[in-house]
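Breakdown of the fold
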Amino acid sequence: MPFAALLAPFIATAIGAAILLAAIIRLLPSDFLGAAITERSNHTQPARQLGGLAIIPAVLLALWIFGPAASLDWQFLASSSAAALILWVTGYFDDRHHLPESVRLIAQFLAAGIAVYGLGGEFRLLPELLPFAVERLLLAFALVYFINLTNFMDGLDLMVVSGLGIPLALAAVLAAIGLVASGTGVLAACLAGGLFGFALFNRPKALVFLGDSGSLPIGLLSGLAFFLVARDLSIAAGLLLPLFFIADATSTLFMRLAARENILAAHSKHAYQIAKRSGWSVWQIVASVGALNFILGICAFLTFDGGLVAACAICAGLLAVTLLLSRFRSAGRRTL
């Protein structure tokens, strides 16, 4: 797909999200969806949870404008939009009223089920290994997990932009060079554009964060984008692009389980949060994550032909993520 055809949805969504967010910030009361500073906070001034109110409408509108020409079919567009809107509304009410965890999970599984249905009956990742129904169930659980880990990582200025926006932009580049489908590229470009438009207000010191109304649907739509990369290029590529987010959230979960902590309780034990409390600046952290994601993008590209090169690329990506997480966490140990 021509690079210009992918640049158009990226720029349109970035501009749309930025303009809409600027209007929302100006029009809504200053205390609307405000988040107080607590001992778990990684920012030093109150920031409002408004990002999702602007990004999600901008992304969905761009998808409906640019998606059909890129062969995103109506079933996928309708299902993914409906699923994203369910999470958008749920996230908004959770930002305002702190919904029970059961309500959040029901909404997430409902949205994930609708989104997986929208992939269509021909979408398969492991047809030789898993029956259709089992694969569908695993995809739904994977989407719910990605929804939540995106929510977990929305805790530092520019973290979601660096940790997820860059991998999505690289997925769009893969479409531009013909390694993934044009529809996959447009979805990734719209999401990346929305996040980069949001970055204008989320840069240090952040005025706004995504909030649940942003992180939940962005997690779902990004998960779908990486599913499509896995189908078009390789499963390894679909995992490598968002590997930092997956590894930080998953390693933190296992560490908390090992310590017999309540994994549903709020915390600030992610590797990037530890690095921030240990004296790393926001720019040092997000620049490190951004550089890592470019390395992971190269590794994902190298999986296109399988074989020894792909195996080496996977190992290199795993090693790079492990080294950065270890560096973040070791910074915390040195301050003890």
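The preceding data block contains the structure.
Residues numbered from 1 in each chain as written. Predicted model: local features only at pLDDT ≥ 70, side-chain atom pairs only at ≥ 80, totals over all residues. Heavy atoms only, no water.

1. A look at the state of the cysteines
Simply put, the disulfide is a covalent bond whose two ends are the sulfur atoms of two cysteines. Convention followed: Put simply, a disulfide is two cysteine sulfurs that come within 2.5 Å.
As enumerated under the stated definition, the model contains zero disulfides in all. Considering cysteine sulfurs only, Cys-315 is the nearest to Cys-299, which forms no disulfide, with 9.7 Å between them. No disulfide involves Cys-312; its sulfur sits 6.5 Å from the nearest other cysteine sulfur, which is in Cys-315.

2. Details of a nonpolar patch on the surface
What counts, and what does not: In this analysis, a patch consists of residues with relative accessible area above 30% that form no salt bridge, clustered at 9 Å for like charges and at 5 Å for the nonpolar side chains Val, Leu, Ile, Met, Phe, Trp and Tyr. In this description, accessible areas are obtained by the Shrake-Rupley approach with a 1.4 Å probe, and a residue is regarded as covered only by the protein chains that are shown. Between Lys or Arg on one side and Asp or Glu on the other, a salt bridge is scored when a side-chain nitrogen of the former is within 4 Å of a carboxyl oxygen of the latter. Each helix is a run of DSSP H or I of at least 4 residues and each strand a run of E of at least 2, with the numbering of both proceeding from the N terminus.
A grouping of Phe-3, Leu-7, Ile-11, Ile-15, Ile-19, Val-173, Ile-177, Ile-298, Phe-301, Leu-302, Phe-304 and Val-309 is seen on the molecular surface, where their side chains present a nonpolar patch of about 1,100 Å² in accessible area. Elements that contribute at least two residues to the nonpolar patch include exactly α1 (3-27) and α12 (282-301). The leading source of residues in the nonpolar patch is α1, at five residues. Positionally, Phe-301 belongs in helix α12.

3. Description of the packing of aromatic side chains
Here the distance between the centres and the angle between the planes together describe a pair of aromatic rings. Short version of the rule: Only rings of Phe, Tyr and Trp enter the pairing, Trp through its six-membered ring, and a pair is recorded when the two centres are within 6.5 Å. The plane angle decides the type: under 30 degrees is stacked, over 60 is edge-to-face, the rest tilted. When a residue's accessible area, from a 1.4 Å probe over protein chains only, is under 20% of the maximum for its type it is buried; when over 50% it is exposed; and in between it is partly exposed.
For the structure on display, the rule yields eight aromatic pairs. A centroid spacing of 5.6 Å and a plane angle of 55° characterise the contact between Phe-10 and Phe-196, whose relative ring orientation is tilted. Residue Phe-10 is located in helix α1, and its partner Phe-196 is located in helix α7 (residues 182-202); the two are separated by 186 residues in the primary sequence. The exposure class of Phe-10 is partly exposed, given its relative accessible area of 23%. A ring pair is formed by Tyr-92 and Phe-93, whose centres lie 5.3 Å apart and whose planes are at 70°; its orientation type is edge-to-face. Grouped by ring-pair contacts, the aromatic residues Phe-244, Trp-280 and Phe-328 constitute a single cluster.

4. Considerations on the nonpolar core
Threshold: Definition of nonpolar core: a set of buried residues of the types Ala, Val, Leu, Ile, Met, Phe, Trp, Tyr and Cys, connected through side-chain atoms within 4.5 Å. Residue contacts are defined here by distance: any two heavy atoms, one from each residue, within 4.5 Å place the two residues in contact.
Residues Leu-220, Leu-224, Phe-244 and Phe-328 are the most contacted members of the largest nonpolar core, which totals 104 residues. Ignoring anything within four residues of it in the chain, the contact list for Leu-220 reads Ser-80, Ala-83, Ala-84, Leu-87, Ala-111, Ala-112, Ala-115, Leu-143 and Ile-147.

5. A few points about the environment of Val-321
Residue position: Val-321 is located in helix α13 (residues 307-334). For the pair Val-321 and Phe-254, spaced 67 residues apart in sequence, the C-alpha separation works out to 16 Å. When neighbours within four sequence positions are excluded, Val-321 is seen to be in contact with Leu-243, Phe-244, Ala-247, Leu-292 and Leu-296.

6. So, unusual backbone geometry
The omega angle of the peptide bond from Pro-204 to Lys-205 is -10°, so this bond is cis rather than trans. Relative to the helices and strands, Lys-205 is located in the loop between α7 and α8 (212-232). Phi is positive for His-98, which is not a glycine, with a value near 55°. Structurally, His-98 can be placed in the loop between α3 (74-97) and α4 (101-118). The class of His-98 is exposed, set by a relative accessible area of 65%. With a phi close to 65°, Leu-158 is a non-glycine residue in the positive phi region. Inspection of the secondary structure assignment puts Leu-158 in the loop between α5 (132-153) and α6 (159-176).

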